[in-house]
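# Understanding the architecture of this molecule
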Amino acid sequence: MSDHVRVATFDMDEEALQALIDRIEAEESQPDGVAARRITMLADRAAGRVIVAIRFDSEDDLRAGSAVLDGMEPPVAGDRRRVSVDAYEVVFEREF
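In short, a report on the structure. Please read all numbers here as calculations on a predicted model, not as lab measurements.

### A word on the layout of surface pockets
In this structure, the largest pocket encloses a volume near 740 Å³. In this structure, the largest pocket is lined by 28 residues; those nearest its centre are Leu20, Ile24, Ile54, Leu69 and Met72. If you list the elements that add at least two residues to the lining of the largest pocket, you get β1 (4-12), α1 (14-26), β2 (36-44), β3 (49-56), α2 (59-70) and β4 (80-89).

### Topic: the environment of Tyr88
Among the structural elements, Tyr88 can be located in strand β4. Expressed as a C-alpha distance, the spacing of Tyr88 and Arg37, which sit 51 residues apart in the sequence, is 15 Å. Setting aside residues no more than four positions away along its own chain, Tyr88 makes contact with Asp3, His4, Val5 and Val7.

### What to know about the pattern of salt bridges
Taken as a whole and assessed by the stated rule, the structure comprises 11 salt bridges. Where Asp3 meets Arg55, a salt bridge forms, and the shortest distance between an N and an O atom there is 2.8 Å. Here Arg55 lies in strand β3 and Asp3 lies in the segment before β1, a separation of 52 residues in the sequence. Here the salt bridges do not stand alone but share partners, grouping Asp3, Arg37, Arg55, Asp57 and Glu93 into one network.

### Observations concerning α1
Look at α1: 18 Å from first C-alpha to last across 13 residues, which is about the 18 Å you get at 1.5 Å a residue. Those residues of α1 that sit buried are Ala16, Leu17, Ala19 and Leu20. Down the axis of α1, the smallest arc covering the buried residues is 165°, so these residues share one side. Set apart from the buried face of α1 by more than 90 degrees, the exposed residues are Glu15, Glu25 and Ala26. Residues of α1 that are buried in the fold lie against β1, β2, β3 and β4. Residue Asp13 occupies the N-cap position of α1, its side-chain oxygen lying 3.3 Å from the main-chain nitrogen of Glu15.

### With respect to the sheet that holds β3
In spatial order, the strands read β2-β3-β1-β4; together these four strands make up an open sheet with antiparallel pairing. Because the sheet does not close on itself, it has two edges, and the strands there are β2 and β4. Along the sheet, successive strands turn relative to each other by an average axial angle of 15°, direction set aside. Running at roughly 160° to β2, α1 makes contact with β1, β2, β3 and β4 of the sheet. Strand contacts of α2: β1, β3 and β4, with the helix running at about 25° to β1, the strand carrying the most contacts.

### Quick word on the nonpolar core
One finds Met12, Val52, Ile54 and Phe56 to be the most contacted residues of the largest nonpolar core, which totals 14 residues. Listed by contribution, the elements that provide at least two residues to this core are β1, α1, β3 and α2. At four residues, β3 tops the list of elements feeding residues into this core.

Each value, and the rule that gives it
Residues numbered from 1 in each chain as written. Predicted model: local features only at pLDDT ≥ 70, side-chain atom pairs only at ≥ 80, totals over all residues. Heavy atoms only, no water. 1 Å grid on protein atoms, 1.4 Å probe; cavity = no way out; pocket = protein on both sides within 12 Å on 5 of 7 lines; lining within 4 Å. Points joined across faces, edges and corners; volume = space filled by probe spheres on them. Helix = DSSP H or I, 4+ residues; strand = E, 2+ residues; numbered from the N terminus. Contact = heavy atoms within 4.5 Å. Salt bridge = Lys/Arg side-chain N within 4 Å of Asp/Glu carboxyl O. Expected span 1.5 Å × (residues − 1). Buried < 20%, exposed > 50% of the residue type's maximum accessible area, 1.4 Å probe, protein only. Arc of directions from axis to C-beta. Polar contact = N/O pair within 3.5 Å; in protein donor to acceptor, adjacent residues only side chain to side chain. Pairing = 2+ DSSP bridges. Axes fitted to C-alpha atoms, helices over the stretch in contact; angles between N-to-C directions. Core = buried A, V, L, I, M, F, W, Y, C linked by side-chain atoms within 4.5 Å.

Written as structure tokens, this is what we have:
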């Protein structure tokens, strides 16, 4: 069984980015109903673009986690707009 990744792309200013990082760091584990095992955030600060990739063990976990994440309220600080949300199957991975 392969892993699955939910990739959300945002237009986000620096204040909103820091508020999101602070919120995630304040949590001791993932939110209830989100059986994720890794979160990776990528930022192009100059362009105001942020990608949040959340990795799940299965497609079922991804679907359930996405339902919870879609219902969450973002932090109130800063300016943000969700551009897209996509789901991918991890088909190849290699560490160097």
